[in-house]
Amino acid sequence: MLVDTHCHLDFNWFDQDRDEIIDRAREVGVKRILNPGITLRSSEHAIQLAEKYPEVYAAVGVHPNDGSSWEEGTISQLRDLAVHQKVVAIGEIGLDYYRDHTPHELQKRIFKEQLNLAAEINLPVIIHTRDSINDALDLLKIWCSDLKDSKSGLVEHPGVLHSFSGDQDDAKQARALKFFVGFTGPVTFSNAKDLQELVIRLPLQNMLIETDSPFLTPHPYRGKRNEPARVKLVVEKIAELKQQAYNTVTEITSANAAQLFDW
Ligand SMILES: [Zn+2]
């Protein structure tokens, strides 16, 4: 069983051939696809797709690059969306200092509000960081310590640092917080030595596999539009790097995803 724990199936990049893309994912054995939202609108669309396709699940949230879409009532609208039975997480949320579309202080405020929502309704979080991992980890440490104080069950599996791009020390901090670490297409790139070293050192028990489609397409399709069927290439590379059987990698990482998203 393969699982794509992060795919933007709602994007209009897929409007022409979404059914075919789902079919191709089914053909290679993908049984679960998680579609996180980036705005309220995108979160609603993710839920519609989860209603249409049995293997699709949704997360709801506002991405840091879409912070300008945040309004007074957004948090309560997210809360309303999150009661849907196929919504399994709050995301994707976080901090992005690379694109810098939203002032850092505003990004932090939106991030914190959504972390608090996740704690309140007991859903794990899908975290995006870019050039911002230290600030994100600082906020997550506070959040996790509050979870502990309030005896929240989330403290055992609070979420995932999606498409991880930190270093060994960042990965260690993520593990200490019991966060999963998500890996995408770049692990297959020949120039991604640091990322590959990280995969070699990190136990499979801490990993999730994702595509982040339509982005981050693995080798040898780099540059083309990505899709969930290509999650297989990421798993194959991780199996090779860790010198483990393909089935071992799929079993453990799929079990990790099931634990986190309770599907
Ligand atoms: Zn994403």
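Remember, it's a predicted structure, so these values are computed and weren't measured experimentally. (Residues numbered from 1 in each chain as written. Predicted model: local features only at pLDDT ≥ 70, side-chain atom pairs only at ≥ 80, totals over all residues. Heavy atoms only, no water.)

**Q** Outline the overall build of the protein, listing residues and values.
**A** Helix and strand counts for the protein stand at nine helices and eight strands. Over its C-alpha atoms the protein spans a radius of gyration of 17 Å, differing by no more than 12% from the 18 Å that the globule rule assigns to 263 residues. Summarising its shape, the C-alpha atoms of the protein cover approximately 45 × 40 × 35 Å along the three principal directions. Residue burial in the protein is summarised as follows: out of 263 residues, 58% are buried. For the protein, the proportion of contacts with a sequence separation of at least 24, taken over those separated by at least 6, is 72%. (Helix = DSSP H or I, 4+ residues; strand = E, 2+ residues; numbered from the N terminus. Rg over C-alpha atoms; globule rule 2.2 N^0.38 Å. Buried < 20%, exposed > 50% of the residue type's maximum accessible area, 1.4 Å probe, protein only. Contact = heavy atoms within 4.5 Å.)

**Q** Quick one: what's the story with the environment of R109, residue by residue and with numbers?
**A** Positionally, R109 belongs in helix 4 (residues 104-121). Using a relative accessible area of 42% as the deciding quantity, one classes R109 as partly exposed. Remark: the alpha-carbon pair of R109 and I200, spanning 91 residues in sequence, is separated by 35 Å.

**Q** Mind laying out the coordination of the zinc ion, listing which residues take part and the relevant values?
**A** Only H6 (NE2), H8 (NE2), E92 (OE) and D212 (OD) from the protein coordinate the zinc ion, and they sit 2.0 to 2.6 Å from it. Summarised as a motif, the one-chain spacing of the donors to the zinc ion is H-x1-H-x83-E-x119-D. Here the residue H8 occupies a position in the loop between strand 1 (2-4) and helix 1 (18-27), and D212 occupies one in the loop between strand 8 (207-209) and helix 8 (231-242), the gap between them amounting to 204 residues. A residue is classified by how much of its surface remains accessible, and H8, at 2% relative accessible area, is buried. Assessed through its relative accessible area of 9%, D212 is described here as buried. (Donors = N, O, S within 2.8 Å, 3.2 Å for Na, K, Ca; no water.)

**Q** Give me the packing of helix 8 against helix 9 (residues 246-261): which residues, what numbers.
**A** Two elements in contact, helix 8 and helix 9, have axes separated by 9 Å at closest approach and are oriented at 115 degrees. As the angle between them shows, helix 8 and helix 9 are arranged roughly perpendicular. Where helix 8 crosses over helix 9, the two elements pack in a sense that is right-handed. Of helix 9, the residues touching helix 8 (which contributes K232, V235, E236, I238 and A239) are Y246, V249 and T250. (Axes fitted to C-alpha atoms, helices over the stretch in contact; angles between N-to-C directions. Parallel < 35°, antiparallel > 145°, perpendicular 65-115°, else oblique. Left-handed = near helix turned anticlockwise from the far one by under 90°.)

**Q** Mind laying out the side chain of N65, listing which residues take part and the relevant values?
**A** Relative to the helices and strands, N65 resides in the loop between strand 3 (56-60) and helix 3 (74-81). Looking at N65, the relative accessible area reads 15%, which means it is buried. Looking at N65, its side chain comes within polar contact range of the side chain of D96, at 3.2 Å. Among all residues touching N65, those that are not within four sequence positions of it are D96, R99, H101 and T102. (Polar contact = N/O pair within 3.5 Å; in protein donor to acceptor, adjacent residues only side chain to side chain.)

**Q** Can you break down the pattern of salt bridges residue by residue, with the values?
**A** Applying the stated rule across the entire model yields 14 salt bridges. The shortest N-O distance in the salt bridge between D17 and R225 comes to 2.8 Å. Taken together, the residues span a long stretch of sequence, with D17 in the loop between strand 1 and helix 1 and R225 in the loop between strand 8 and helix 8 at a distance of 208 residues. A salt bridge links D23 to R26; the nearest nitrogen and oxygen atoms lie 3.6 Å apart. Placement of the pair is D23 and R26 together in helix 1, with a separation of three residues, close to one helical turn. A residue is classified by how much of its surface remains accessible, and D23, at 38% relative accessible area, is partly exposed. Residue class for R26 comes out partly exposed when judged on its relative accessible area of 38%. Taken together, the shared-partner salt bridges in this structure form one network comprising D23, R26 and E55. (Salt bridge = Lys/Arg side-chain N within 4 Å of Asp/Glu carboxyl O.)

**Q** So what about the sheet that holds strand 7 (residues 180-183)? Which residues, and what values?
**A** On the basis of which strands lie adjacent, the open sheet formed by eight strands has the order 1-2-3-4-5-6-7-8 and parallel pairing. With one partner strand each, in any of the chains shown, strand 1 and strand 8 form the two edges of the open sheet. Strand after strand, the sheet turns through a mean of 30 degrees between neighbouring axes, direction not considered. With two bridges joining them, strand 6 (residues 159-161) and strand 7 adopt parallel strand pairing. (Pairing = 2+ DSSP bridges.)

**Q** So, the nonpolar core: which residues are in play, and what are the values?
**A** Ranked by internal contacts, the top residues of the largest apolar core, which has 73 residues, are W143, F179, F183 and I238. Considering each element in turn, this core owes the most residues, eight residues, to helix 5 (residues 133-149). Among all residues touching I238, those that are not within four sequence positions of it are F183, V187, V199, L204, M207, I209 and V249. Counting residues in each nonpolar core, the second largest holds 14 residues, with V88, A89, F180 and L260 among its members. (Core = buried A, V, L, I, M, F, W, Y, C linked by side-chain atoms within 4.5 Å.)

**Q** Give a description of the packing of aromatic side chains that names residues and reports values.
**A** According to the stated counting rule, one finds four aromatic pairs in the structure shown. Taken together, a centroid distance of 5.5 Å and an interplanar angle of 85 degrees make the contact between W13 and F215 edge-to-face. In this pair, W13 sits in the loop between strand 1 and helix 1 while F215 sits in the loop between strand 8 and helix 8, placing the two residues 202 residues apart along the sequence. An aromatic cluster is defined as three or more aromatic residues linked by ring pairs; in this entry it consists of F11, W13 and F215. Sitting above the plane of the F189 ring, R222 keeps its charged end 3.6 Å from the centroid. When the ring centre of Y221 is taken as origin, the NZ or CZ atom of R230, which lies over that ring, is 4.1 Å away. (Phe/Tyr/Trp six-rings, centres within 6.5 Å; stacked < 30°, edge-to-face > 60°. Lys NZ or Arg CZ within 6 Å of the ring centre and 35° of its normal.)

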